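Understanding the architecture of this molecule
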Amino acid sequence: MENINWKEFGFGYTKTDYNVRCHYRDGKWGELEVSSSDQINVHIASTGLHYGQQAFEGLKAFKGPDGKVRVFRIDENGKRLQSSSHGIMMAEMPLDLFREAVIKAIKLNERWIPPYESGASLYIRPVLFGNGAQVGVKASEEYTFVVFVMPVGPYFKEGFKPTDYVIYREYDRAAPQGTGIYKVGGNYAASLRGGSRAHAEGFSAVLFLDAKEKKYIDECGPANFFGIKDNTYVTPKSNTILPSITNKSLCQIAEDLGMNVERRPITVEELSDFSEAGACGTAAVISPIRKIVDADNNIEYKYGEEAGERSFKLYETLRGIQYGIVEDKHNWNTIIEF
Ligand SMILES: Cc1ncc(COP(=O)(O)O)c(C=O)c1O
């Protein structure tokens, strides 16, 4: 609009015009409500506050060169929120209601959707938490859902540049049979110490290993890991990582591009077999990896100063689909009608 300076946005909170809310009480979901306040009422004895009954999602909407606004794989985020809710015993939100809430939040904040030329996008953050009074450790009977949106800048301001990751064996983000596959706040709290040490030591994020044996690659802070070996895209199969929607999409694109795809356990030693490696997620699509430092063993796995050819092709294809430049063969986008 008018005087929004699209260049000033990084990945941070910006108050936009409206957010959409929905409450679950007496065993059912209510009507969607619209608010212009960025504050909510939280019960002092809510399970969200005390017992970590909380989950969230993250997705994006993109304005293409054709002026159309596309949201990427909205139903996948809706399904993942249902899975997280199931995992920590919260009320599950019906997919249609999730979809309606997300689309409503986008439409109400139309003026905040960055133009194509800015390279920015609209980040959408749905959050759900137990908001009923409960002092004993038990699932809440009441839930609050909110979806808010904000413009976020292009992830790569200086181009598609590889960065460094680090392995520290003293931190785990999730237990072997725990909540690692759910997008719940507790996993992120558990990752903060390792993550902030990694930043202080000049790394983008921690490359977490499986918590049980410390033998296999799990994921890269808030992103999944992949490596490229010859013409094969290899990504961890693990029950302690978040099922990334970006990774799932990249696996499909890799196949579409004639690559092989392997989803299987990856040992730490195998890091030396890859010619390219990357972290993938909604924030950056792909963040190429320059090197991985195994800090406990003083070993470095190096992938080069420039992003590899295959990572770049995968990145360009997925971004192209999101902006409506590359054919959306698998019907991943929802076009928002204003
Ligand atoms: C722990 C974790 N892993 C992976 C991802 C990437 O998932 P997605 O591609 O769905 O954004 C995220 C971000 O959402 C995350 O927080």
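Here's a quick rundown of the structure. (Residues numbered from 1 in each chain as written. Predicted model: local features only at pLDDT ≥ 70, side-chain atom pairs only at ≥ 80, totals over all residues. Heavy atoms only, no water.)

**A look at the overall build of the chain**
Inclusion rule: Secondary structure follows DSSP: runs of H or I at least 4 residues long count as helices, runs of E at least 2 residues long count as strands, and numbering of each begins at the N terminus. With the radius of gyration taken over C-alpha atoms, the globule rule is written as 2.2 Å times the number of residues to the power 0.38. Categorising residues by exposure relies on relative accessible area from a 1.4 Å probe, with only protein chains included: less than 20% of the type maximum marks a residue as buried, more than 50% marks it as exposed, and the intermediate range marks it as partly exposed.
When helices and strands are tallied, the chain shows six helices and 18 strands. Taken over the C-alpha trace, the chain has a radius of gyration of 20 Å; the compact-globule value for 338 residues is 20 Å, and the two agree within 12%. Its C-alpha atoms give the chain principal-axis dimensions of about 55 × 50 × 35 Å. Per-residue burial over the chain gives 51% buried out of 338 residues.

**Quick notes on the pattern of salt bridges**
Put simply, the test is: Salt bridges, as used here, are contacts in which a Lys or Arg side-chain nitrogen is within 4 Å of a carboxyl oxygen on Asp or Glu.
Here the structure, examined in full by the defined rule, presents 23 salt bridges. One salt bridge connects Asp75 with Arg99, and the closest N-O pair in it is separated by 3.0 Å. Of this pair, Asp75 sits in helix 2 (residues 74-87) while Arg99 sits in helix 3 (residues 95-108), placing them 24 residues apart in sequence. A relative accessible area of 25% places Arg99 in the partly exposed class. We note a salt bridge from Lys248 to Glu76, for which the minimum N-O separation is 2.9 Å. Of this pair, Lys248 sits in helix 5 (residues 245-256) while Glu76 sits in helix 2, and the two are 172 residues apart along the sequence. A network of salt bridges, in which partner residues are shared, links Lys229, Glu262, Arg264, Glu270 and Asp273.

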